[in-house]
Amino acid sequence: MAVTVTLGLQIKLDRLDEFKNVLREILPDTRAFSGCQDIRVIENQDSPGSITILEGWDLKENHIKYMAWRTEIGTMEALAGFVEAEPAITYYDTVGAG
């Protein structure tokens, strides 16, 4: 069953533009990762630096493997310098309620 993943981030304002540039560089690899259906990045209009990454995956396990890969290659450690707080990852199932 397809899963929607949200990754909530609070980015340091003095590094926000740099963070956005890094995302532009790394997201093509995310989109190509096995099981990735879609990924979008949105920013709260009323709270600069409050970023949510919306992801669609075939399975939760695909996302877990993806995160493990990003950790193994050092991406997560590199991105840690951009955030002010611990990222929040949430997994959602689609409810067939129209």
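Refer to the structure printed above.
The structure displayed is predicted, hence computed values, not measured ones. (Residues numbered from 1 in each chain as written. Predicted model: local features only at pLDDT ≥ 70, side-chain atom pairs only at ≥ 80, totals over all residues. Heavy atoms only, no water.)

Description of the overall build of the protein chain
To be explicit about the condition: Helix and strand definitions follow DSSP, with helices as H or I runs of at least four residues and strands as E runs of at least two, each counted in order from the N terminus. With C-alpha atoms as the basis for the radius of gyration, the globule rule is written as 2.2 Å multiplied by the number of residues raised to the power 0.38. Any residue under 20% of the maximum accessible area for its type is buried, any over 50% is exposed, and the rest in between are partly exposed; the area is computed with a 1.4 Å probe on protein chains only. The contact definition used throughout considers only heavy atoms, calling two residues in contact when any of these lie within 4.5 Å. Exposure was quantified through the Shrake-Rupley algorithm and a 1.4 Å probe, taking into account, for residues, occlusion by the shown protein chains and nothing else. Neither His nor the chain ends is counted toward charge; the positive residues are Lys and Arg and the negative residues Asp and Glu. Think of each charge as sitting on NZ of Lys, CZ of Arg, CG of Asp or CD of Glu.
In terms of helices and strands, the protein chain carries three helices and four strands. Secondary structure of the protein chain in N-to-C order comes out as β-α-β-β-α-α-β. The C-alpha atoms of the protein chain give a radius of gyration of 14 Å, which matches the 13 Å a tight globule of 98 residues would have. Taken along the three principal axes of its C-alpha coordinates, the protein chain extends 40 × 35 × 20 Å. Sorting the 98 residues of the protein chain into buried and exposed places 33% on the buried side. In the protein chain, 70% of the contacts between residues at least 6 apart in sequence involve partners at least 24 apart. Looking at the protein chain as shown, the accessible area adds up to about 6200 Å², and 51% of this sits on carbon and sulfur atoms. Looking at the protein chain, you have 9 positive and 16 negative side-chain charges, and the mean spots of the two groups are 2 Å apart.

Brief notes about the packing of aromatic side chains
Cut-off, in case you're wondering: Geometry of aromatic contacts follows a simple scheme: Phe, Tyr and Trp rings, the Trp one being its six-membered ring, pair when their centres are within 6.5 Å, and the pair is stacked under 30 degrees between planes, edge-to-face over 60, tilted otherwise. Distance and angle both matter: a charge sits over a ring if NZ of Lys or CZ of Arg is within 6 Å of the ring centre and within 35 degrees of the ring normal.
Taken as a whole, this structure holds six aromatic pairs when the rule is applied. Ring geometry for Phe33 versus Trp57: centroids 6.2 Å apart, planes at 70 degrees, classification edge-to-face. You can see Phe33 sitting in the loop between α1 (16-32) and β2 (36-43) and its partner Trp57 sitting in strand β3 (residues 50-57), a full 24 residues away along the chain. We classify Trp57 as buried; its relative accessible area is 0%. Summarising the aromatic geometry, the rings of Trp57 and Tyr66 are spaced 5.3 Å apart at their centres and angled 35 degrees between planes, so their arrangement reads as tilted. For the residue pair Trp57 and Tyr66, the accessibility class agrees, reading buried in each case. Over the ring of Phe82 we find Arg15, and its NZ or CZ is 4.0 Å from the ring centre. Over the aromatic face of Tyr91 sits the side chain of Lys60, whose NZ or CZ is 4.7 Å from the ring centroid.

A word on the nonpolar core
We apply this condition: As used here, the term nonpolar core means buried Ala, Val, Leu, Ile, Met, Phe, Trp, Tyr and Cys residues forming a set that is joined through side-chain atoms within 4.5 Å.
Ranked by internal contacts, the top residues of the largest apolar core, which has 14 residues, are Leu9, Ile11, Phe19, Leu23, Ile51 and Ile53. Broken down by secondary-structure element, the contributors of at least two residues to this core are β1 (3-10), α1 and β3. With five residues, α1 is the single largest residue contributor to this core. If we skip the residues at most four places from it in the chain, Leu9 touches Phe19, Gly49, Ser50, Ile51, Ile53, Val83 and Pro87. Counting residues in hydrophobic clusters, the runner-up holds six residues, among them Val3, Val5, Trp57 and Tyr66.

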